[in-house]
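Topology and contacts: notes
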There are 2 protein chains.
Amino acid sequence: MLPRTTFEFMELHGTVDGFRAALDGERCSGRTIGLVPTMGALHDGHLSLVRRAAKECDVVATTIFVNPLQFGPDEDLERYPRDLEGDRSAAEAAGSDYLFVPSEREMYPREPKAHVTVTTTEDGLEAASRPGHLDGVATVVTKLFALTGPCRAYFGEKDHEQLEVVRALVTDLSFPVEVVSCPTVRAPDGLALSSRNAYLTADERHAAPVLYRALEAGQACLESGERDPTVVSRVMSDLVGTEPSVRLVYAEARPGDVEWRLFVAAHVGVARLIDTLAVPVCAAPVDTVTAGR
Amino acid sequence: MLPRTTFEFMELHGTVDGFRAALDGERCSGRTIGLVPTMGALHDGHLSLVRRAAKECDVVATTIFVNPLQFGPDEDLERYPRDLEGDRSAAEAAGSDYLFVPSEREMYPREPKAHVTVTTTEDGLEAASRPGHLDGVATVVTKLFALTGPCRAYFGEKDHEQLEVVRALVTDLSFPVEVVSCPTVRAPDGLALSSRNAYLTADERHAAPVLYRALEAGQACLESGERDPTVVSRVMSDLVGTEPSVRLVYAEARPGDVEWRLFVAAHVGVARLIDTLAVPVCAAPVDTVTAGR
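Residues numbered from 1 in each chain as written. Chains lettered and ligands numbered in written order. Predicted model: local features only at pLDDT ≥ 70, side-chain atom pairs only at ≥ 80, totals over all residues.

1. What to know about the sheet that holds strand S9 (residues 259-268) of chain A
All names here are of chain A. The cut-off we apply is this: When DSSP finds two or more bridges between two strands, those strands count as paired. The helix and strand labels rest on DSSP assignments: H or I over at least four residues marks a helix, E over at least two residues marks a strand, and numbering proceeds from the N terminus. Under this scheme, a helix contributes an axis fitted over its contacting stretch, all axes are lines through C-alpha atoms, and angles between N-to-C directions fall in the 0 to 180 degree range. Here contacts are defined at the residue level, using C-beta atoms placed from the backbone and a cut-off of 7 Å between them.
The strand order across the open sheet formed by 3 strands is S8-S9-S10, and the pairing between neighbours is antiparallel. Two strands bound the open sheet, and with one partner strand each, they are strand S8 (246-254) and strand S10 (271-280). Looking at each pair of strands side by side, their axes are set apart by 10 degrees on average, direction ignored. With 8 bridges joining them, S8 and S9 adopt antiparallel strand pairing. Its bridge partner being in S9, Arg254 is matched across the sheet by Arg261. Across the sheet, helix H10 (residues 229-241) touches S8 and S9, and the angle it forms with S8 is around 160 degrees.

Okay, structure coming up:
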């Protein structure tokens, strides 16, 4: 890794050409670029990505773009939280060197004809619940890769299907980008940080950690030896059901050989929140392992 | 442009990693890369792209990959002409510095989940006639862009819709690639060079130039002042109909303000051939122009 460039101030760019030219310069100087794509309203989850990128890359480029392609017609595109001034100082303090904040017109000067689609193997939950959402993510991430030219790109584990989609497009389309996933950052009461938490009233904010408690209940169920996905899913959905102000979208346990993954999505007021947890499980009974020796 | 690197021999690569590493080295040295993506069985049309790239770029990378994604189930994937030894010497002689010839397994080690799709504005002819073909092209070209990192990419005008698709994906996905289109190279009798011409028997080869004669007839019709697309299309399809061994797929005239574009596709024996011609037209009657003065 080259000695890290010290910038007096973070550079703010609003145009593709300006942002690209700045990063071309960095790349030509042999510096590695870490990309942190966001939709803004930055919270400590985003900032953990920026900090990680700053540790691992010579230059950190954070992008803020509320991408209309990944919103359904009845979703919250218009009211999605925006806080450019707050984002600017937070990103800079966390170690971002560039902040790219393009307008919609700058990103899509015309109705785009080219789209990236990713077939989700495992009957995606978000894929099914938000048709078109993940393809919108795949398209904008491909575009951000093409215009940034990063070595590494940082994504939060909370959006697990998004992470899988990004990994798939990097593999299948041969982008020279290392996808780095970072742990979900939570409030002390367990609620996963999300820009959409800003929608919550005080009462809703009090109720919202039920998503995480449901994941913990699923985890406890697995740790007690339960291996029926239907039972584990039911434990989670029952727990969400204890909060009358929370409307479940799905609660699902997906088995795996070394770990299970638990997913939950729910509406809390106008906010649609998701969360996920990986739970390590024993691969095989102990005596099978012993038998092999 | 940097002084052109002189290679003793063209470098042949079969792996994504090896090819990418070689081109990373070239890019790090500040050299511009011209990409010539082909399916091999190189003819003088392909070689004109290589020669043009060699004029405009420091380094030329030619790729040969018969991309299964762009073939329909009943098409000629299995029998598509292959001539690696001939291609190798021809590409080298034309000025190619790298030749990338990956296996199908190397390009698609798994069934790809990520695909690039491009909606064709103008009710594409190939798009309609070969469903999935242009999306297969878009996907492999995106992948070749991502793994080559070219400044410019060279395509023949014969495959006009392919060219439009590549331009669309470069624009919409913000690839930092200049798309360079090169004139169709023709045999003395007008037949557009195509690897698929290798399928033609002597009799079929004799009949095949009827596609170009149809385009010329459409051009003559336009030059005589005809402006009804249906009439121009009919002139072309009638001309193709004069060759009993040629089975028309489509003949179509597409009006434009400064030029019309004529398209023709037909089966000649087992070969499905296409051709196209742009015909400049007067934008407006002469007295309108005079009236403006």
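2. Comments concerning helix H7 (residues 160-173) of chain B
Residues and elements named next belong to chain B. What counts here: Here a helix's expected span is defined as the number of its residues, less one, multiplied by 1.5 Å. The burial label depends on the number of other C-beta atoms within 10 Å of a residue's C-beta. Counts of 20 or more mean buried, 12 or fewer mean exposed, and intermediate counts mean partly exposed, with C-beta atoms placed from the backbone.
Under the 1.5 Å per step criterion, the end-to-end length of H7 is 20 Å for 14 residues, consistent within 8% with the ideal 20 Å. Most of H7 sits inside the fold, with 11 of its 14 residues counted as buried. Of all the positions in H7, only His160, Glu161, Gln162, Glu164, Val165, Val166, Ala168, Leu169, Val170, Asp172 and Leu173 are classed as buried. Phi for Ser174, located one or two positions after H7, is positive at around 60 degrees.

3. Re the domain arrangement of chain A
Residue and element names in this part refer to chain A. For the record, the criterion: Note that domain bounds follow an automatic or database assignment of domains. In the scheme used here, Gly and all other residues not listed as nonpolar or charged are polar, with Ala, Val, Leu, Ile, Met, Phe, Trp, Tyr, Cys and Pro taken as nonpolar and Asp, Glu, Lys and Arg as charged.
For chain A, the assigned domains are domain 1 (11-182) and domain 2 (195-278). Computed from C-alpha coordinates alone, the two centres of domain 1 and domain 2 are separated by 26 Å. Between domain 1 and domain 2, the contact holds 10 residues from the first and 12 residues from the second. Looking at which element gives the most residues to the side of domain 1 that touches domain 2, the answer is helix H5 (residues 125-129), with 3 residues. Of the residues that constitute the side of domain 1 that touches domain 2, the class distribution is 4 nonpolar, 3 polar and 3 charged.

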